[in-house]
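# Observations on chain architecture
Now for the letters of each chain:
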Amino acid sequence: MTLAVTPHAAQVDRSAGVTAPAGFRAAGVIAGIKPAGKPDLTVVVNDGPDNGAAGVFTTNKVKAAPVLWSQQVLSAGKLKAVVLNSGGANACTGPEGFQDTHATAEELAAVLQVGAAEIGVCSTGLIGEALPMEKLIPGISQCVDALGSTAEHGLAAATAVMTTDNVPKQAVLRHPDGWSIGGFAKGAGMCAPNMATMLSVITTDAVVDPPHLDHVLRNAVGKTFNRLDVDGGTSTNDTVLLLSSGASGVTVAADEFEAALTALAADLVKQLQADAEGVTKHVSITVNGAATEAEAVAAAKVVAEDNLCKTAFFASDPNWGRIAMAVGNAPTAFDPALLDITLNGAPICVAGGKGVDRSEADLSGPEIDVVIDLHAGDASATVLTTDLSHAYVEENSAYSS
């Protein structure tokens, strides 16, 4: 299964985000959590009539306090609202950090007059530092006062979750039957599958049976967010939340909803790839002819994370030997004598050896398309990645100093 095109893809646009579906309000404000005085606190509220929700979280063993909190409250499959802060991850902060997350949820719940167990919490930023609660808590009332349902409110919400992102990322899919899905995402580094990347909130006004929300979200994440790999680092805070208001009154079958959700998530992932830290190349790695889809994904990920491959991409160097080396290290069964590698349409490696001359593989543009055929089966998968540039090294070497 590749990352890409579904029948709904043409209907996805970036004119709006979480406030596009009926029944949702959002806001993003400057609470003073970031010392630079940039937007840093977001609230998304589901006004119903339904309040179904699902979430997918990082597989990292070191989970941030808000991840642990949101996993707990989502066991009931319902959320009334989500509060997200940038400027601090609240990870590796011990019991005090969990208390801060709890206090954040309680404050928003009190302002909205709902229960704290109906509030999701997300954080992003530097790991290992306590959040400035004396700024975050007053900021919640400020954020609630700013809530609205316009496209501008959705954009403000997408902006306030940014850390090293250069631009906000949002998308909407409006279905002709009268329902829609909208969402935002943030993430530019510490990005790797299992969940890849980031924080994302996705909203829908479709009527979907609550048991289906979790299933379709996991399927969509597996085909989209988990197919982006910037640097091999699975974050402590990665979270995707799906909230359903049911405000359209339109009941949608699970398979149709999953297709639309996958299309929306795929667009958000393309935006994440385009804004990755230090990016100069947008690289698509497709593995065909694998014995299973899992093996195809594994092989593509090894290439995506290999520093020798990534530096070659940065240099526009069609060094297919590095790709062959990386594939050979993957937990994937294939015959090396049958390996084919194509770079931007040039069959540069054929049957495990040299194909056309390297000069025929033009990698000078920003888009690099790598196609690997293992000739070991019928399964395929695509993973998106980026190059390893000077700017990436410089940005991450100075991140906390």
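Let us look at the structure shown here. (Residues numbered from 1 in each chain as written. Predicted model: local features only at pLDDT ≥ 70, side-chain atom pairs only at ≥ 80, totals over all residues. Heavy atoms only, no water.)

The subject of this paragraph is the packing of aromatic side chains. This model, assessed by the stated rule, comprises two aromatic pairs. Ring geometry for Trp179 and Phe257: centres 5.9 Å apart, planes at 40°, overall tilted. One end of the pair, Trp179, is in the loop between strand 7 (169–174) and strand 8 (180–186); the other, Phe257, is in helix 6 (residues 254–274), with 78 residues separating them in the sequence. Assigned by exposure class, Trp179 and Phe257 land together as buried. (Phe/Tyr/Trp six-rings, centres within 6.5 Å; stacked < 30°, edge-to-face > 60°. Helix = DSSP H or I, 4+ residues; strand = E, 2+ residues; numbered from the N terminus. Buried < 20%, exposed > 50% of the residue type's maximum accessible area, 1.4 Å probe, protein only.)

Here we take up the nonpolar core. Counting residues in hydrophobic clusters, the biggest one holds 48 residues, and the most contacted among them are Leu41, Leu108, Ile119 and Phe184. Of all the elements, helix 3 (residues 133–145) adds the most residues to this core, at five residues. If we ignore the near neighbours within four places in the chain, the residues touching Leu108 are Val43, Ala81, Val82, Val83, Ile119, Ile140 and Val144. (Core = buried A, V, L, I, M, F, W, Y, C linked by side-chain atoms within 4.5 Å. Contact = heavy atoms within 4.5 Å.)

Only a minority of non-glycine residues have a phi that is not negative, and only a minority of peptide bonds are not trans. The amide bond that connects Gly48 to the next residue, Pro49, takes the cis arrangement and shows omega of 20°. Following the sequence through the fold, Pro49 ends up in the loop between strand 3 (41–46) and strand 4 (52–57). In this structure, Asn90 is a non-glycine residue whose phi angle is positive, near 50°. Relative to the helices and strands, Asn90 is located in the loop between strand 5 (81–86) and helix 2 (94–112). A residue is classified by how much of its surface remains accessible, and Asn90, at 1% relative accessible area, is buried. The backbone of Ser316 shows a phi angle near 55°, a positive value even though the residue is not glycine. Along the chain, Ser316 turns up in the loop between helix 8 (307–314) and helix 9 (320–328). Judged by its relative accessible area of 24%, Ser316 is partly exposed.

As a further point, take the packing of helix 5 (residues 210–223) against helix 6. What describes two packed helices is the angle between their axes and the distance between those same axes. Running from N to C, helix 5 and helix 6 point in directions that differ by 40°, and their axes come no closer than 9 Å. As helix 5 packs across helix 6, the resulting crossing turns out to be right-handed. Counted together, His212, Leu213, His215, Val216, Leu217, Asn219, Ala220 and Lys223 of helix 5 and Ala254, Phe257, Glu258, Leu261 and Thr262 of helix 6 form the full contact between these two elements. Grouping the amino acids of the contact of helix 5 with helix 6 by side-chain chemistry returns seven nonpolar, four polar and two charged. (Axes fitted to C-alpha atoms, helices over the stretch in contact; angles between N-to-C directions. Left-handed = near helix turned anticlockwise from the far one by under 90°. Nonpolar A, V, L, I, M, F, W, Y, C, P; charged D, E, K, R; others polar.)

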